[in-house]
Amino acid sequence: RAPTAAMEVFVPGRVCLFGEHSDWAGAYRRFDATVDPGACIVCGTNQGLHARVRAHPRLLKVTARSHTGERLRCLEVPMDRDALLAEARSGSYFSYVAGVAYQVLERFDVKGLVIDNYKTTLPAQKGLSSSAAVCVLVARAFSAVYGLRLTPRGEMDLAYQGEITTPSQCGRMDQCCAFGLQPVLMEFDGDWLTTTPLTLGGPLHLVIVELGAHKDTVVILRDLNQCYSGVLRDTPIAKGVRELLGPRNHEITTQAIEALAAGDSQRLGELMTHAQALFDQFATPACPAELTAPVLHRVLAHAALRPHIYGGKGVGSQGDGCAQFVAKSAEDQAEVVRIVKEDLGMDCLSLTIGPGAQPGVDGWTLTDLPRRLLACLGTRIPTRPTHFAAASCALMCATALALGPMALSARGQRMASR
C-alpha cells in the first residue's frame with residue numbers, strides 16, 4: 001500500500017571523468033564484433049533535482065523548476081499506457097518523465113504519482129546528464145512511493161528504458177547518477193553492462209565550469225554515430241573515431257583507475273589533458289560544427305588557472321557545455337572557482353570525491369541506511385531527530401534478531417533483544 005504522506009527524493013547529475021561516448025559505441029558490438037567494448041569512469045555531482053513525491057489514484061502529475069528558479073509548465077496525464085507512450089514519443093519537455101512512467105507501468109502494478117520538483121541545482125544541456133537525472137528521479141519516486149525496492153542498478157535500467165522510449169539517442173552511461181557520489185567504472189559490451197565501484201586513494205578536487213554557451217548534443221550524437229552505422233563508416237574519419245573510443249580509450253581509463261586508486265591527482269589531470277587532445281584529433285573532424293568548441297578551449301587554456309590545476313577536459317558529449325579541472329588542493333580548488341567567476345564570468349561547481357564519502361550498501365552512505373530501510377518498508381519517516389533515532393534503533397535490532405542465527409553469537413542475540 002502506498003504511503004499517503006509526501007516523501008523526499010534527490011537525484012544528482014553525473015560527470016564523466018573519462019570515456020565519453022564509449023557507452024553507445026560499445027553497444028554496436030551487438031552487430032559488429034570488430035567494435036571494441038566501451039569503458040568510462042563516471043561520478044555523481046552534488047548538484048541535482050530535489051522533489052517531494054506521493055501517490056495519486058489515477059494521474060501522473062509533475063511540476064518543476066529550472067536551475068534558475070523559473071517555474072516550468074506542468075504535466076498532467078492519465079496513468080494509462082497509451083497516453084504515457086504518446087507523451088513520451090512527443091519529444092516534449094516532460095517526455096522523459098512519461099517514458100519512465102510507461103516502463104514502470106509495464107513492469108509493476110502501480111497507480112499514479114505526483115512529483116513536485118521544487119528545487120533544481122543542476123543546469124540543463126551542459127553535459128551533466130540532466131535528462132538522465134529526471135529519468136532516475138521518476139524511477140526512484142515510484143520505487144519509494146510504491147515500495148518497489150529498486151537498487152541503484154534497477155533504477156538505472158528503468159531510467160534507460162524510459163529515456164530510449166523518447167526520441168533521445170542516449171547511451172547507458174548517464175543513468176549512473178543513481179549511484180550518487182560514488183565513482184564507478186562502467187563497461188559496455190553490446191547489450192551487456194557491468195558497473196564496478198572504484199577505490200580512491202585520496203581526495204580528488206574537481207571544478208566543473210558551466211561555459212554559458214550553446215551545444216547541441218543531438219547533433220553530436222548523430223554525427224559520431226555515422227562513424228559506426230552511417231555514411232562515414234568506411235572513411236578515415238570513422239576509423240579515427242573508432243580508434244579513439246576503442247583502444248585509446250581503454251589505455252586512458254586503465255591508467256586513470258590506477259591513478260584513482262593511488263590518489264594521484266597529478267596523473268589524473270595529465271590524463272584528462274591527454275584525453276582532450278585525442279578527442280580534438282579524432283572526434284572533432286566528424287562533427288566540427290559542435291566539437292570545435294571555441295569557448296571550451298579558451299577556458300581550458302586560460303593562463304591564470306595553470307598554477308592551480310593539474311589538467312582538464314570537456315564534459316559529457318563535449319562541445320561548449322561544461323569544462324572540468326583537477327585542482328591541486330582544496331585551496332587551489334577555491335582559487336580556480338574565484339578566477340573563473342572573476343576573469344571569465346562563468347558559474348562553477350566544486351566537487352570533491354574521495355575517502356570522505358564512503359559508500360555503504362548499493363551506493364548509499366551508511367548513515368542513510370536506516371532511512372532507506374524505513375522507506376522500503378513503507379514506514380513514515382519521523383522528522384524529529386530523537387524519534388528517527390528511536391525508529392532506526394528498533395529497525396536495526398529487529399534486523400539483528402532476524403539475522404541472529406546466521407550472524408550473531410548467543411550473547412550478541414541477547415544484547416540485540418535488549
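Here we summarise the structure given alongside this text. Because the structure is a prediction, the values reported are computed rather than measured. (Residues numbered from 1 in each chain as written. Predicted model: local features only at pLDDT ≥ 70, side-chain atom pairs only at ≥ 80, totals over all residues. Heavy atoms only, no water.)

**Notes on the overall build of the protein**
So, point 1. Helices and strands together make up the secondary structure of the protein, namely 14 helices and eleven strands.
So, point 2. Relative to all contacts within the protein whose residues are 6 or more apart in sequence, the contacts with residues 24 or more apart total 71%.
So, point 3. Here the protein displays about 18,700 Å² of accessible surface, and carbon together with sulfur accounts for 53% of that area. (Helix = DSSP H or I, 4+ residues; strand = E, 2+ residues; numbered from the N terminus. Contact = heavy atoms within 4.5 Å. Areas by Shrake-Rupley, 256 points an atom, 1.4 Å probe, with all protein chains shown as cover.)

**Considerations on the environment of Leu300**
So, point 1. Within the secondary structure, Leu300 is located in helix α10 (residues 294-300).
So, point 2. Considered as a pair, Leu300 and Phe325 are 25 residues apart in the sequence and their alpha carbons are 8.3 Å apart.
So, point 3. Contact partners of Leu300, with chain neighbours within four places excluded, come to Gln276, Gly312, Lys313, Ala323 and Phe325.

**Re the packing of helix α2 (residues 81-89) against helix α3 (residues 95-107)**
Helix packing geometry: the angle between the two helix axes and the distance between the axes.
So, point 1. At a minimum axis separation of 7 Å, α2 and α3 run at an interaxial angle of 145 degrees. The crossing of α2 and α3 is left-handed. When α2 is examined against α3, the residues Arg81, Leu84, Leu85, Glu87 and Ala88 are found in contact with a partner set consisting of Ser95, Ala98, Gly99, Ala101, Tyr102, Leu105 and Glu106.
So, point 2. For the contact of α2 with α3, the per-class residue count stands at seven nonpolar, two polar and three charged. (Axes fitted to C-alpha atoms, helices over the stretch in contact; angles between N-to-C directions. Left-handed = near helix turned anticlockwise from the far one by under 90°. Nonpolar A, V, L, I, M, F, W, Y, C, P; charged D, E, K, R; others polar.)

**As for the packing of aromatic side chains**
A ring pair, where both rings are aromatic, is described by two values, the distance of the centres and the angle of the planes.
So, point 1. Counting across every chain of the model gives four aromatic pairs.
So, point 2. Measuring from ring centre to ring centre gives 5.5 Å for Trp24 and Tyr228, while their planes differ by 85 degrees; the resulting arrangement is edge-to-face. Residue Trp24 is located in helix α1 (residues 22-27), and its partner Tyr228 is located in helix α6 (residues 217-229); the two are separated by 204 residues in the primary sequence.
So, point 3. Here the aromatic rings of Phe142 and Tyr146 are separated by 6.2 Å at their centres, their planes lie at 20 degrees, and the arrangement is stacked. (Phe/Tyr/Trp six-rings, centres within 6.5 Å; stacked < 30°, edge-to-face > 60°.)

**A look at the sheet that holds strand β11 (residues 347-353)**
So, point 1. Spatially, β9-β10-β8-β11 is the arrangement adopted by the four strands of the open sheet, whose pairing is antiparallel. The outermost strands of the open sheet, each flanked by one partner alone, are β9 (309-314) and β11. The mean inter-strand angle of the sheet, taken between neighbouring strand axes irrespective of direction, is 20 degrees.
So, point 2. Pairing geometry for β9 and strand β10 (residues 322-327), over five bridges, is antiparallel. Within β10, the residue paired with Ile309 across the bridge is Ala327.
So, point 3. In this fold helix α8 (residues 265-282) packs onto β8 (204-210), β9 and β10, with an angle of close to 35 degrees to the strand it touches most, β9. (Pairing = 2+ DSSP bridges.)

**Quick notes on the nonpolar core**
So, point 1. Within the largest apolar cluster, 53 residues are counted, with the highest numbers of intra-cluster contacts made by Leu60, Leu84, Ile115 and Phe142.
So, point 2. The biggest single contributor to this core is helix α4 (residues 130-146), with eleven residues.
So, point 3. Membership of the second largest hydrophobic core comes to 47 residues, among which are Cys43, Leu198, Ala259 and Ala283. (Core = buried A, V, L, I, M, F, W, Y, C linked by side-chain atoms within 4.5 Å. Buried < 20%, exposed > 50% of the residue type's maximum accessible area, 1.4 Å probe, protein only.)

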